[in-house]
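# A closer look at the structure
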Amino acid sequence: MEPAALLALYERMALIRRTEKAAHDLFLQGLVKGTTHLAAGHEAIAVGASAALRDDDYVFATYRGHHHAMARGATPEECLAELMSRATGLCGAKGGSMHLTKAATNMLGSYAIVGAHLPMAVGAAWSAKLRGTGQLAVAFFGDGATNIGAFHEALNLAAVWKLPVLFVCENNLYMEYTPIADVTAVPRPAADRAPAYGIPGEVVDGNDAVSVQETVARLARRARAGDGPALLEAETYRHFGHSRSDPATYRPAEEVERWLKHDPLDIARGRLVEAGVPEERVTEADERARSVVQEAVDAAKNAPPPDPREAFTDVWADGGAAWRT
Ligand SMILES: Cc1ncc(C[n+]2csc(CCOP(=O)(O)OP(=O)(O)O)c2C)c(N)n1
Ligand SMILES: [Mg+2]
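Below is a summary of the structure that appears in this document. Bear in mind that the values here come from a model prediction, so they are computed numbers and not experimental data. (Residues numbered from 1 in each chain as written. Chains lettered and ligands numbered in written order. Predicted model: local features only at pLDDT ≥ 70, side-chain atom pairs only at ≥ 80, totals over all residues. Heavy atoms only, no water.)

Another aspect to go through is the pairing of strand β7 (residues 201-205). Looking at chain direction, β7 and strand β8 (residues 230-235) are connected through five bridges and run parallel. Looking at the pairing, V204 lines up with A234 of β8. Taken together, β7, helix α7 (residues 209-227) and β8 form a β-α-β motif whose crossover is right-handed. (Pairing = 2+ DSSP bridges. Helix = DSSP H or I, 4+ residues; strand = E, 2+ residues; numbered from the N terminus. Right-handed = clockwise from strand over helix to strand, strands pointing away.)

Right, dumping it as structure tokens:
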């Protein structure tokens, strides 16, 4: 990867990390209503995959989806304002943390029901295939989703119809407070299921943005060429608890320490050094990320709440509610 592209990947990850930290701090200040599921630690999956996608590809994420919204064009200010229920939020304060959506860039939503969006991604891929657009649909989901029926139904249909869809599992070893290994019949909750559907199943270091980018680019090429879906298991770890109320004390200290040393930002910094990018460039990128997020926090704090009349707009697909009320 070109040094400039590598630096851009790094800066996007730094921006996401700082936004997640800001979301955590704002929650502690009582300014974030509702729950949040932070993706600090998962940044390389969103940013690496996004770097391998076309701008018009479809992306679907879970409630742990801030990183995907930001990798697909949402700004820290739009995201933080949404978390803080401000009129300037990404979804005008109607979505909140668990439903970040940016339809304008084909980031077709974050979903709170585990596994629910996998069949939706299959539908988007079917539509792309019928229209012959060459677009791809990508569904990002957690390891827990691999034990949900919709995961298996989606994989089967996508394989039978050879649809251009990638299933990307963010295996962070836990589904809420339960180790995935304790409740799953195979060691690799995602990749080991792929053979049952006759599709490629691969494992990648989900904390290395470059490995993710290369793997997704390769699987995307074959899907666009008509060779059908693939299942990618990206190994990662969350830095915070499952959701805002979870101190994550159930994780062994040695495991946490090992994964914190395998930080996606540190790995990207190592790659920048290897590529000969001077340290000042990295420091400047960090500084830009810091100041963008600080400005986003200030702007979101100062933004107005939504107009109560807006509660009845965007509720139905036709944009109105008149005939129903
Ligand atoms: C169908 C369904 N069952 C249960 C839940 C409650 N729930 C919310 S998150 C979660 C854990 C999911 O873990 P995983 O898929 O590994 O994603 P992670 O949170 O680790 O990113 C559960 C069980 C839900 N939202 N939807
Ligand atoms: Mg998980």
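Looking now at the packing of aromatic side chains. Counted under the stated rule, the structure contains six aromatic pairs. Consider the rings of Y174 and Y250, whose centres lie 5.6 Å apart with planes at 55°: the pair is tilted. Taken together, the positions of Y174 in strand β5 (residues 174-175) and Y250 in the loop between β8 and α8 (253-260) put the pair 76 residues apart, joining distant regions of the chain. Judged by relative accessible area, which is 7%, Y174 ranks as buried. Note on Y250: relative accessible area 26%, which makes it partly exposed. Ring plane angle 65° and centroid distance 5.5 Å describe the contact between Y177 and Y250, whose orientation is recorded as edge-to-face. Of the two residues, Y177 is situated in the loop between β5 and β6 (178-179) and Y250 in the loop between β8 and α8; the sequence distance between them amounts to 73 residues. The exposure class assigned to Y177 is partly exposed, which follows from its relative accessible area of 41%. (Phe/Tyr/Trp six-rings, centres within 6.5 Å; stacked < 30°, edge-to-face > 60°. Buried < 20%, exposed > 50% of the residue type's maximum accessible area, 1.4 Å probe, protein only.)

Bringing the site of ligand 1 into the picture now. Not every one of the 14 residues close to ligand 1 is listed here, only the nearest: Y63, R64, A112, G144 and N172. Interatomic distance of 2.8 Å between a side-chain N/O atom of Y63 and an oxygen atom of ligand 1. Between ligand 1 and the protein, one listed contact pairs an oxygen atom with a side-chain N or O atom of N172 at 2.9 Å. Protein contacts shield 74% of the accessible area of ligand 1, which totals 580 Å² for the unbound molecule. Using a 2 Å cut-off from the grid points, one finds that ligand 1 occupies the largest pocket. Split into classes, the residues belonging to the shell around ligand 1 amount to seven nonpolar, four polar and three charged. (Near = heavy atom within 4 Å. Polar contact = N/O pair within 3.5 Å; in protein donor to acceptor, adjacent residues only side chain to side chain. Areas by Shrake-Rupley, 256 points an atom, 1.4 Å probe, with all protein chains shown as cover. 1 Å grid on protein atoms, 1.4 Å probe; cavity = no way out; pocket = protein on both sides within 12 Å on 5 of 7 lines; lining within 4 Å. Sits in = over half its atoms within 2 Å of the grid points. Nonpolar A, V, L, I, M, F, W, Y, C, P; charged D, E, K, R; others polar.)

Formed by 60 residues in total, the largest nonpolar core has its most connected members in Y10, L80, L166 and V216. Sort the elements by how many residues they give to this core and helix α1 (residues 3-28) lands first, with eleven residues. Apart from residues no more than four positions distant in its own chain, V216 is found in contact with A49, A52, L53, L166 and L232. (Core = buried A, V, L, I, M, F, W, Y, C linked by side-chain atoms within 4.5 Å. Contact = heavy atoms within 4.5 Å.)

Running from N to C, helix α5 (residues 117-131) and helix α6 (residues 149-160) point in directions that differ by 20°, and their axes come no closer than 8 Å. In this view, α5 runs roughly parallel relative to α6, as classed from their interaxial angle. Read as a crossing pair, α5 and α6 show a hand that is left-handed. Along the contact surface, α5 presents L118, P119 and V122, while α6 presents A150, F151, A154, L157 and A158. (Axes fitted to C-alpha atoms, helices over the stretch in contact; angles between N-to-C directions. Parallel < 35°, antiparallel > 145°, perpendicular 65-115°, else oblique. Left-handed = near helix turned anticlockwise from the far one by under 90°.)

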